[in-house]
Amino acid sequence: MRARAGTARYRGPSALGDDLRRFWSLTLTLATTDFKLRFFGSALGYLWSLVRPLMLFGVLYVVFTEVVRFGDGVKDYPVYLLAAIVMFTFFSDTTTRAVTSLIKRENLLRKIRFPRMVIPLAEALHGLFNLGLNLIAVFVFVFAAGIEPRLDWLQVPLLVLMLVVLSTGVATLLSALYVRYRDLEPIWEVLVQILFYASPVIYVATAVPDSLRQAAAMNPLATILNQMRHALVDPDAPTGITLIGGWQWLPVPVGIVALIFVLGLWVFARETPRIAENL
Amino acid sequence: MSAIAPDTVQRRAGRLAAADTAVAVHGVSKSFRLPHHRYSTLKERALHPFAARSHDELRALDSVDLEVKQGEFFGIVGRNGSGKSTLLKCLAGIYSLDEGQIHLHGRVSPFIELGVGFNPDLTARDNVLINAIMLGLTRREARARFDEIIAFAELEEFVDLKLKNYSSGMAVRLGFSVAVSVQADVLLVDEVLAVGDASFQRKCFDEFDRMKADGRTILFVTHDMGSVERFCDRGLVLERGRIADLGAPEDITRTYSELNFGDPAERADSEGAPARIAAAWCETTASERIVSSLQGEDVIACFEVEFAEALENPAFGLIMRNEVRHTIFMPTTELAGGLTGRFEAGSRATVRMRFSNRLAPSRYTLTPCIGPPGGGYGTHDSLARGDDLAALLVEGPVTGGVVDLPVEVEVVRE
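Just so we're clear, the structure is a prediction, and the values are computed from it rather than from any experiment. (Residues numbered from 1 in each chain as written. Chains lettered and ligands numbered in written order. Predicted model: local features only at pLDDT ≥ 70, side-chain atom pairs only at ≥ 80, totals over all residues.)

## Notes on the overall build of chain A
The secondary structure content of chain A amounts to twelve helices and two strands. When the helices and strands of chain A are placed in sequence order, the string is β-β-α-α-α-α-α-α-α-α-α-α-α-α. Scaling as 2.2 N^0.38, a compact globule of 279 residues should have a C-alpha radius of gyration of about 19 Å, and chain A matches this with 20 Å. Overall, the C-alpha framework of chain A stretches about 70 × 50 × 40 Å when taken along its three principal axes. With 279 residues in all, chain A has 39% of them scored as buried. Across chain A, the fraction of contacts at a sequence separation of at least 24, relative to all contacts at a separation of at least 6, is 78%. (Helix = DSSP H or I, 4+ residues; strand = E, 2+ residues; numbered from the N terminus. Rg over C-alpha atoms; globule rule 2.2 N^0.38 Å. Buried ≥ 20, exposed ≤ 12 C-beta atoms within 10 Å, placed from the backbone. Contact = placed C-beta atoms within 7 Å.)

Printed below as a string of structure tokens:
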């Protein structure tokens, strides 16, 4: 309930607040603090944050080039594999951390008034810091593989942006729902596993059977990864647009991203007034 | 001495009456749902989509009306679960209101506790900056006021120490310093001074005084009747979400101790008791009631007893406990000779115990007891007990012990 009279001003809990600068400085503060704690908590800081995607990469690389031979005939398969893992890790890390983020910050939420949305957004920003560092490793591989810089590389920030919007939407949605439904955490872990195999991370889109290829490419994560393969790794690979069947189909993946983002905001804003008391 | 001269009180009362309203609360109610299952799950929801989930409602605040003037130091007291913190959280905008309105003039501090979000793995420096930003400063303001904050907390030497190596008192000092650096017009404080040594408590209240002089308003939740009487201009007692009393600090503390010890319902429970402790207080040798005393002065601890039955030679005792609940001092009539004589049913008596105040500066609580002849002051063997019925704040230089006995020190050179 809001009330105004003269200079009187009362605000109940809100999702975004009315001071964008405060919103941003809070988000940045929480994200950098978490990031710092992870880095300075151990001597090997940066290396540790790289270890996980690199380990996953190492295992998958050995399995899919030496054992199952998925990578045969795919140009610069290791580079693609690493780039896709790094992008997907951002999505999965951000969203799984976000699920329980409000509960983890219970102390702040119950004792201080601040825009509630800061919490899941700080998780997304924290993820973005990691993504930035991991992309350095990707570019090291890109150059090591002898891939020539191209103008198409400029598409990468745009693809990262789309990924960030998607992840942020999922993050806000899940964090708000988790306050109500506490079994969401294991459910989401399973869904992330499914998404990992449903998206072209360990395989490339052209390896999908023709009958499924277009449908599989509609998944926004797939669109992002497919386009990234074309723009960053192999100019001869089909673009994300080609794989979904042309420009006229673009509204589907983009629409899904927008829908999830708006849904996340809406659900979060709806839950905001009672988040503090339902924790 | 902390007894305020009457003319000061009147002047302050006059100034407050003329002041603007800082906080106005009209008919505010707030309920919490207490679901019968702690958390609902998606699985349940999917299996029984239309099942109404049962829950109880707890009315934490029930049509609360309240006006606090600008520059007022306002105390909020009440027993556990009476709705004090809920009221503060509603004012801070942490909880939404179910009914009613709140009008605020000026900026309200957005926090209700000190040092929220302090991270033990970070240094004091990082924690101060983060906490200041959380509490509403911009990054630049936080950096600009950093030195001030550390200086106020007197922790200059420990700036780069991780917070996990801080004592709880040091952490509270740090939290308080950050909190006062946030320029709020209305400050909400929930039980600040539970930790922290006497000299820092002093400093906190000096800071509150300075804020009041600036026309800022302080709403202060506490269980400590001593600080209510000492610092508050007015206050209220909450009981089950309703205002049980609102007014002068003396009335508030009386209502509060009645709620705690003399509640009619509770009195019915203790119907069988042969005697009851009606009130307790401390006074000076000039019979002036006090809540604080300077070390070295004589203090008289008093309590009033009502006899429901005739008693022969009951024993009277007083347990004085310090803040960490250690019994520091326990005078009894047994020590003083024993035989107290006969008290008729329906009669009243006042027990006075005069002692030279050699206690270390701290806050003490008084628990008067009536025991059977020969003594017995425990919760089970006493005839009546009034736990923490009164408090006494002792002021003076801090030396480190629990008592400061008269001492002569001599150093002899061989």
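We are not done yet, so read on.
## As for the environment of Phe-316 of chain B
All names here are of chain B. Within the secondary structure, Phe-316 sits in strand β14 (residues 315–321). Separated by 235 residues in the primary sequence, Phe-316 and Gly-81 have C-alpha atoms spaced 33 Å apart. Sequence-distant contacts of Phe-316, that is, excluding residues within four places in its chain, are made with Thr-332, Thr-333, Thr-340, Val-351 and Ile-370.

## Brief notes about the sheet that holds strand β2 (residues 55–69) of chain B
All names here are of chain B. Across the sheet, which stays open at both edges, the three strands sit in the order β2-β1-β4 with antiparallel pairing between neighbours. For this open sheet the edge positions go to β2 and β4 (99–104), each flanked by a neighbour on one side alone. Taken over all neighbouring pairs, the strand axes of this sheet differ in orientation by 20° on average, direction set aside. One ladder, built from eleven bridges, connects strand β1 (residues 21–35) with β2; its direction is antiparallel. (Pairing = 2+ DSSP bridges. Axes fitted to C-alpha atoms, helices over the stretch in contact; angles between N-to-C directions.)

## Examining helix α8 (residues 198–213) of chain B
Residues and elements named next belong to chain B. Taking 1.5 Å of rise per residue, the 16 residues of α8 would be expected to cover 22 Å, and the 23 Å separating its terminal C-alpha atoms lies within 8% of that figure. For α8, the complete set of buried residues consists of Gln-201, Cys-204 and Phe-208. Looking down the long axis of α8, one finds its buried residues gathered within 55° of arc, a one-sided arrangement. Set apart from the buried face of α8 by more than 90 degrees, the exposed residues are Asp-206, Arg-210 and Ala-213. Summarising the contacts, the buried residues of α8 are in contact with β3 (73–78), α7 (168–181), β6 (217–221) and α9 (225–231). Positive phi shows up at Gly-215, right after α8, with a value of about 85°. (Expected span 1.5 Å × (residues − 1). Arc of directions from axis to C-beta.)

## Side note on the sheet that holds strand β9 (residues 275–283) of chain B
All names here are of chain B. Taken in spatial order, the four strands make up an open sheet running β10-β9-β12-β17, and their pairing is antiparallel. The outermost strands of the open sheet, each flanked by one partner alone, are β10 (289–290) and β17 (348–356). In terms of strand pairing, strand β12 (residues 298–307) meets β17 through nine bridges, oriented antiparallel. Looking at the pairing, Glu-304 lines up with Thr-350 of β17.

## Describing the pairing of β14 of chain B
Residues and elements named next belong to chain B. For β14, the buried fraction is high: five of the seven residues fall into the buried class. In this sheet, strand β15 (residues 327–329) lies alongside β14 in antiparallel orientation, the contact comprising two bridges. The residue of β15 that forms the bridge with Arg-321 is Thr-327. With antiparallel pairing between neighbouring strands as the criterion, β14 and β15 make up a hairpin whose turn holds five residues, including Arg-325 at a positive phi of roughly 70°.

## Comments concerning the confidence of the model for chain A
Residue and element names in this part refer to chain A. Counting all residues, the mean pLDDT for chain A is 89, and 94% of those residues have values of 70 or more. Within chain A, the element-level pLDDT minimum falls on strand β1 (residues 3–5), averaging 36, and the maximum on helix α7 (residues 155–180), averaging 96. Predicted confidence for residues 1–8 stays below pLDDT 50, and this span has 18 contacts to residues more than four positions away or in other chains. (pLDDT = per-residue confidence, 0-100.)

## With respect to the nonpolar core
Ranked by size, the top nonpolar core spans 170 residues in total, and within it Ala-83 and Met-87 of chain A together with Leu-91, Leu-188 and Leu-219 of chain B carry the most contacts. A total of 15 residues in this core trace back to one element, the largest contributor, which is helix α3 (residues 77–99) of chain A. The residues contacting Leu-91 of chain B, other than those within four sequence positions of it, are Val-23, Ile-102, Val-108, Leu-188 and Leu-219 of chain B. (Core = buried A, V, L, I, M, F, W, Y, C linked by C-beta atoms within 7 Å.)

## Remarks on unusual backbone geometry
Residue and element names in this part refer to chain B. We note that Ser-63 has phi near 35°; this positive angle belongs to a residue other than glycine. Secondary-structure assignment places Ser-63 in strand β2. On the basis of neighbour count, Ser-63 is assigned to the partly exposed category, with 15 C-beta atoms found within 10 Å. A positive phi angle is found at Arg-240, which is not glycine, with a value near 50°. For Arg-240, the position within the fold is in the loop between β7 (234–239) and β8 (242–247). For Arg-240, a count of 15 C-beta atoms within 10 Å translates into the label partly exposed.

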